[in-house]
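# What the coordinates show
What follows is each chain in one-letter form.
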Amino acid sequence: MRKIFILAFLFWGFSEMSNAQNNGEVDANMLNEIRSDFTLDASSRAIQNAVTNSESIRDLSLNRAKIGQIDHFFSYRVDVKGITDQESSGRCWMFTSMNTMRPEVMKKFNLSSFDFSHNYNYFWDIFEKSNFFLENIIATGDRKMDDREVVTYFKSPVNDGGVWNSFFNVAKKYGVVPNEVMPETKASNNTREITSLINKKLRGEGYKIRELIAAKASHKEVQNAKMSALKAIYRMLALSLGEPPVNFTWRYKDTDGNVSKSKVYTPKEFLAEINPEFANTQLVMIMNDPTREYYKVYQIKNYRNVEEGIDWTYLNLPNEEIKKFAVASIKNNEAMYASCDVGKQHNRKAGVMDVNTYDYASLFGVEFDMDKKARVLTRESGSTHAMTLIGVDLDENGVPAKWEFENSWGTEAGNNGYLTFTDEWFSEYMFRVVINKNYLDEKSKKALESKAILLPVWDYMF
């Protein structure tokens with residue numbers, strides 16, 4: 001009987017250990033194997049001392065072999081002048097869109113400098129996003145609160161982020177004005193507080209609207225609730241940013257010292273004067289998304305800021321095609337809206353980005369070997385910042401070696417406000433370019449005509 005008990009106990013113990021392993025638990029044997037794989041030899045101890053006492057792992061990983069190897073000279077460069085600063089805001093998409101237009105304004109009026117009012121378009125962007133949020137809440141009012149689309153809307157009713165279509169939508173509807181007409185405020189330069197308060201208000205009003213819908217309120221009652229919410233949002237914006245002008249008077253001094261006559265504009269009239277074809281733009285977004293089929297058009301559902309505006313829509317193309325078209329645009333002195341994963345391998349002091357800028361693998365003795373597709377699917381990488389693509393350096397065979405961005409972080413960031421990145425970095429971390437479709441080849445133009453494949457509001461490219 002004793003032998004039977006001992007055997008049963010041993011069997012139970014072995015079974016429990018097996019179950020622990022099968023359940024994915026870290027047991028003593030696993031932990032011992034993991035510990036034994038790490039040896040604190042002299043080299044590892046030196047690394048441990050450095051990492052535990054350093055303020056920056058990034059600085060420790062800076063690849064010395066790359067320092068000074070990348071210059072800031074380019075074969076072709078768009079004629080641009082002046083660096084903007086978005087301060088503590090997520091309005092890079094707006095600054096970049098405007099930066100592509102600034103050179104033509106300076107040329108048209110013979111100006112040494114010029115900037116648009118980002119505050120003006122920011123006001124209308126947040127106001128329109130608020131309306132669009134409320135419309136989405138009304139449209140999904142009969143769904144449960146844990147519906148994935150409803151959750152997405154309430155998670156972030158509005159924010160100061162966007163892409164090129166966001167600028168196109170709001171500028172087409174409300175126009176643009178010079179910076180001095182509606183200059184920045186503390187709230188527009190640091191948007192965290194005002195967007196947080198607006199989201200607080202919108203979530204509350206959105207919940208009330210859902211309650212009205214659940215109580216079978218009339219269409220008029222729901223719309224009255226929406227109107228009340230929008231009046232509150234307008235008040236909050238006007239008190240924080242100033243009230244946007246209906247019309248304004250503008251004059252300027254050109255590079256020859258001549259002062260123009262005063263002229264009265266509406267914001268839409270001003271846009272029409274500086275860019276007559278804006279509303280009928282030939283610009284299209286092309287994108288390198290290795291997770292999806294190339295030469296297809298994709299549209300992210302409800303990624304827009306204006307109810308009647310256009311969604312984020314892009315033609316997916318291989319990197320080499322995008323580069324070819326971008327070179328043609330730069331050679332023709334046309335800057336492009338572009339966006340990328342700016343934080344990856346970015347030496348901020350030098351204003352340089354290369355895939356080998358930082359050698360984390362050598363520091364820790366582990367490999368980081370995901371390709372672009374895997375990084376996108378796992379959310380390790382995605383577009384985080386928009387900048388203006390203005391320069392390319394071609395080798396003796398006409399192949400791009402490096403590229404240049406005009407950034408919107410002020411002159412103290414990077415190379416006097418500009419960033420240089422290698423062609424290899426372009427392949428790995430560039431995502432979107434907005435370009436005149438005339439630069440595309442026939443195959444790409446034909447693909448543009450295909451029906452867009454609709455992606456959900458929670459898509460990972462969001």
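Just above, that's the structure.
An account of the accompanying structure is given in this report. Just so it is clear, the model here is predicted, and its values are computed rather than measured. (Residues numbered from 1 in each chain as written. Predicted model: local features only at pLDDT ≥ 70, side-chain atom pairs only at ≥ 80, totals over all residues. Heavy atoms only, no water.)

## Considerations on the overall build of the protein chain
Here is the rule we go by: Secondary structure elements follow DSSP: runs of H or I no shorter than four residues count as helices, runs of E no shorter than two count as strands, and numbering proceeds from the N terminus. Burial classes: relative accessible area under 20% of the type maximum marks a residue as buried, over 50% as exposed, and values in between as partly exposed (1.4 Å probe, protein chains only). The contact definition used throughout considers only heavy atoms, calling two residues in contact when any of these lie within 4.5 Å. Accessible areas in this description were obtained via Shrake-Rupley with a 1.4 Å probe; residue shielding takes into account the shown protein chains only. Charge assignment in this entry is limited to Lys and Arg as positive and Asp and Glu as negative, and neither His nor the chain termini are counted. Taken as the charge centre is NZ of Lys, CZ of Arg, CG of Asp or CD of Glu, depending on the residue.
Within the protein chain, the regular secondary structure consists of 18 helices and 14 strands. Along the longest, intermediate and shortest principal axes, the C-alpha atoms of the protein chain span 110 × 70 × 50 Å. By the burial criterion, 45% of the 462 residues in the protein chain qualify as buried. The contacts in the protein chain between residues at least 6 apart in sequence include a share of 76% that link residues at least 24 apart. Working note: accessible area of the protein chain is about 24,400 Å², and carbon and sulfur atoms make up 51% of it. Computed over 58 positive and 62 negative side-chain charges, the inter-centroid distance for the protein chain is 5 Å.

## Description of the pattern of salt bridges
Pairing between side chains becomes possible if they bear opposite charge and their charged atoms approach one another. The cut-off we apply is this: Salt bridge, as used here: a side-chain nitrogen of Lys or Arg that lies within 4 Å of a carboxyl oxygen of Asp or Glu.
Per the stated rule, a full pass over the model turns up 26 salt bridges. The closest approach of N and O atoms between E149 and R143, which form a salt bridge, is 3.3 Å. Relative accessible area serves as the criterion here: at 9%, E149 is assigned to the buried category. R143 gets classed as partly exposed once you look at its relative accessible area, which sits at 31%. With a closest N to O distance of 2.8 Å, R375 and E428 form a salt bridge.

## With respect to the side chain of H346
Its place among the elements puts H346 in strand β8 (residues 346-347). When residues no more than four places from it in sequence are discounted, the contact partners of H346 are R58, V352, M353, Y358, W409 and L419.

## Thoughts on the packing of helix α7 (residues 118-139) against helix α12 (residues 219-241)
Stated precisely, the cut-off is as follows: Structural elements are reduced to axes, namely lines fitted to C-alpha atoms, with helices fitted over the stretch in contact, and the angle between N-to-C directions of any two is expressed from 0 to 180 degrees. To sort the angles, those under 35 degrees are grouped as roughly parallel, those over 145 as roughly antiparallel, those from 65 to 115 as roughly perpendicular, and the leftovers as oblique. When the near helix sits turned anticlockwise from the far one by under a right angle, the crossing is termed left-handed; a clockwise turn instead gives a right-handed crossing. Classification convention: Asp, Glu, Lys, Arg as charged; Ala, Val, Leu, Ile, Met, Phe, Trp, Tyr, Cys, Pro as nonpolar; all other residues, Gly among them, as polar.
The N-to-C vectors of α7 and α12 enclose an angle of 160°; their axes lie 10 Å apart at closest approach. In this view, α7 runs roughly antiparallel relative to α12, as classed from their interaxial angle. At the point where α7 passes α12, the crossing takes the right-handed sense. Facing N119, Y122, F123, W124, I126, F127, S130, N131, L134, E135 and I138 of α7, the residues of α12 in contact are V222, Q223, K226, A229, L230, I233, Y234, L237, A238 and L241. Residues belonging to the contact of α7 with α12 are distributed by class as follows: 15 nonpolar, four polar and two charged.

## Looking at the environment of K216
Tracing the sequence through the fold places K216 in the loop between α11 (192-214) and α12. Note: C-alpha distance between K216 and E424 (208 residues apart in sequence) is 58 Å.

## Quick look at α11
For clarity, the threshold we go by: One less than the number of residues in a helix, times 1.5 Å, gives the span that helix is expected to have.
For α11, with 23 residues, the first-to-last C-alpha span of 33 Å sits near the 33 Å given by 1.5 Å per residue. Of the residues making up α11, those classed as buried are I194, T195, I198, N199, L202, E205, G206, I209 and R210. Those residues of α11 that are buried are in contact with α7, α8 (148-155), α10 (186-189) and α12. Where α11 ends, the next residue or the one after it, K216, has phi of about 65°, a positive value.

## Some points on the packing of α11 against α12
Close contact between α11 and α12 brings their axes to 10 Å; oriented N to C, the two are set at 170°. As the angle between them shows, α11 and α12 are arranged roughly antiparallel. When α11 is examined against α12, the residues I194, L197, I198, K201, L202, E205, I209, L212 and I213 are found in contact with a partner set consisting of E221, V222, A225, K226, A229, A232, I233, M236, L237 and S240.

## Focus: the nonpolar core
Soluble globular proteins: nonpolar side chains tend toward being buried together. The criterion, for reference: Remark: nonpolar core denotes a set of buried residues (Ala, Val, Leu, Ile, Met, Phe, Trp, Tyr, Cys) joined through side-chain atoms within 4.5 Å.
Counting residues in each nonpolar core, the largest one holds 68 residues, and the members touching the most others are F116, F167, V176, F270, I274 and W312. Broken down by element, the residue count for this core peaks at nine residues, all from α7. Within the second largest apolar cluster, 39 residues are counted, among which are I286, Y295, A326 and A338.

## Remarks on the side chain of S427
What counts here: Polar contact is the term for a pair of N or O atoms within 3.5 Å; when the atoms are in protein, one must be able to donate a hydrogen and the other to accept it, and sequence-neighboring residues count only if both atoms are side-chain atoms.
Topologically, S427 is positioned in helix α17 (residues 423-429). For S427, the side chain forms a polar contact with the side chain of K323, separated by 2.6 Å. Once residues within four sequence positions are removed from consideration, S427 is found in contact with N288, N319, E320, K323 and K372.

## Re the state of the cysteines
Note the threshold: Pairs of cysteine sulfur atoms within 2.5 Å are identified as disulfides in what follows.
Scanning all chains against the criterion turns up zero disulfides. The thiol sulfur of C92 is not disulfide-bonded, and the nearest other cysteine sulfur, from C340, lies at 9.1 Å. Look at C340 and you get buried, because its relative accessible area is 0%.

## Observations regarding unusual backbone geometry
Where the residue is not glycine, phi is negative for most of them; where a peptide bond is considered, it is trans in most cases. The phi dihedral of E87 falls on the positive side, at around 55°, and the residue is not glycine. Here E87 lies in the loop between β1 (76-77) and α5 (92-99). Overall, the relative accessible area of 45% leaves E87 in the partly exposed class. The phi dihedral of R379 falls on the positive side, at around 65°, and the residue is not glycine. Tracing the backbone shows R379 in the loop between α16 (372-377) and β10 (385-394). In this structure R379 comes out as exposed when scored by relative accessible area, which is 54%.

## Things to note about the packing of aromatic side chains
Keep this limit in mind: Stacked, tilted and edge-to-face are the three classes applied to pairs of Phe, Tyr and Trp rings, where Trp contributes its six-membered ring and a pair requires centres within 6.5 Å; stacked means planes under 30 degrees apart, edge-to-face means over 60, and tilted covers the rest. The rule is short: NZ of Lys or CZ of Arg within 6 Å of the ring centre and within 35 degrees of the ring normal puts a charge over the ring.
The final tally for this structure, using the stated rule, is 27 aromatic pairs. For the ring pair F248 and F270, a centre distance of 5.8 Å and an interplane angle of 75° mean the geometry is edge-to-face. Pair noted here: F248 is in strand β2 (residues 248-250) and F270 is in helix α13 (residues 267-274), with a separation of 22 residues, a long-range link. For F270, a relative accessible area of 0% gives the class buried. Grouping aromatic residues by their ring pairs yields a cluster made of F109, F114, F116, F248, W250, Y252, Y265 and F270. Just above the ring of Y358 sits the side chain of R58; from NZ or CZ to the centre is 4.8 Å. The ring centre of Y122 lies 5.5 Å from the NZ or CZ of R91, which sits over that ring.

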